[in-house]
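Results of the structural survey
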Amino acid sequence: MSKIGEILEGWKNLIWENEEIEALAKDRLQVCGECDSRSNYPQETSIMSRCNACGCVIEAKTRCKDCTCPLSKWAK
């Protein structure tokens, strides 16, 4: 899947929730929440937290089923 396709899949799954994807995202968000590469700007809006390693919005990236963590921190 292309990078654009991954981005669109993540945002689509963020908007239209799916039980399977939400379970996956929950596990991934826990890992990202403890990661030093997480950027919270602006801090009062957690949905805009970004990964400093890849630049993606974490809330969307964690909902892309085929995406991987650039630091290899997500379970396979």
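Relevant structure appears above.
Predicted model only: the values in this text are computed from it and were never measured. (Residues numbered from 1 in each chain as written. Predicted model: local features only at pLDDT ≥ 70, side-chain atom pairs only at ≥ 80, totals over all residues. Heavy atoms only, no water.)

1. Things to note about the overall build of the protein
Stated formally: Numbering of helices and strands runs from the N terminus, with a helix taken as a DSSP run of H or I at least four residues long and a strand as a DSSP run of E at least two residues long. Think of it in three bands: residues with accessible area under 20% of the maximum for their type are buried, residues over 50% are exposed, and the middle band is partly exposed, with areas taken using a 1.4 Å probe on protein chains only. In what follows, residue pairs with any heavy atoms lying within 4.5 Å of each other are defined as contacts. Reported accessibility uses the Shrake-Rupley method at a 1.4 Å probe radius. Residues are deemed covered only where the shown protein chains occlude them. When charges are counted, neither His nor the chain ends are considered; positive counts come from Lys and Arg and negative counts from Asp and Glu. By convention, the point assigned to a charge is CZ for Arg, NZ for Lys, CD for Glu and CG for Asp.
The helix and strand tally for the protein stands at 3 helices and 2 strands. Tracing the protein from N to C terminus, the helices and strands come up as α-α-β-β-α. Principal axes of the C-alpha set define a box for the protein whose edges measure 25 × 25 × 25 Å. Residue burial in the protein is summarised as follows: out of 76 residues, 33% are buried. Relative to all contacts within the protein whose residues are 6 or more apart in sequence, the contacts with residues 24 or more apart total 51%. Working note: accessible area of the protein is about 5,300 Å², and carbon and sulfur atoms make up 52% of it. Treating the 11 positive side-chain charges of the protein as one cloud and the 12 negative ones as another, the clouds have centres 5 Å apart.

2. Some details on the pattern of salt bridges
For side chains of opposite charge, pairing can occur when their charged atoms come near one another. Selection criterion: Salt bridges are identified by distance alone: a Lys or Arg side-chain nitrogen within 4 Å of an Asp or Glu carboxyl oxygen.
Taken as a whole, this structure holds 4 salt bridges when the rule is applied. Here Arg63 ties to Glu22 by a salt bridge, and the two come within 2.9 Å at their closest N and O atoms. With Arg63 in the segment after α3 (58-61) and Glu22 in helix α2 (residues 19-33), this pair connects stretches of sequence that are 41 residues apart. Under the relative-accessibility criterion, Arg63 is labelled buried at 7%. Among the ionic contacts, a cluster of salt bridges with common partners joins Glu22, Glu59 and Arg63.

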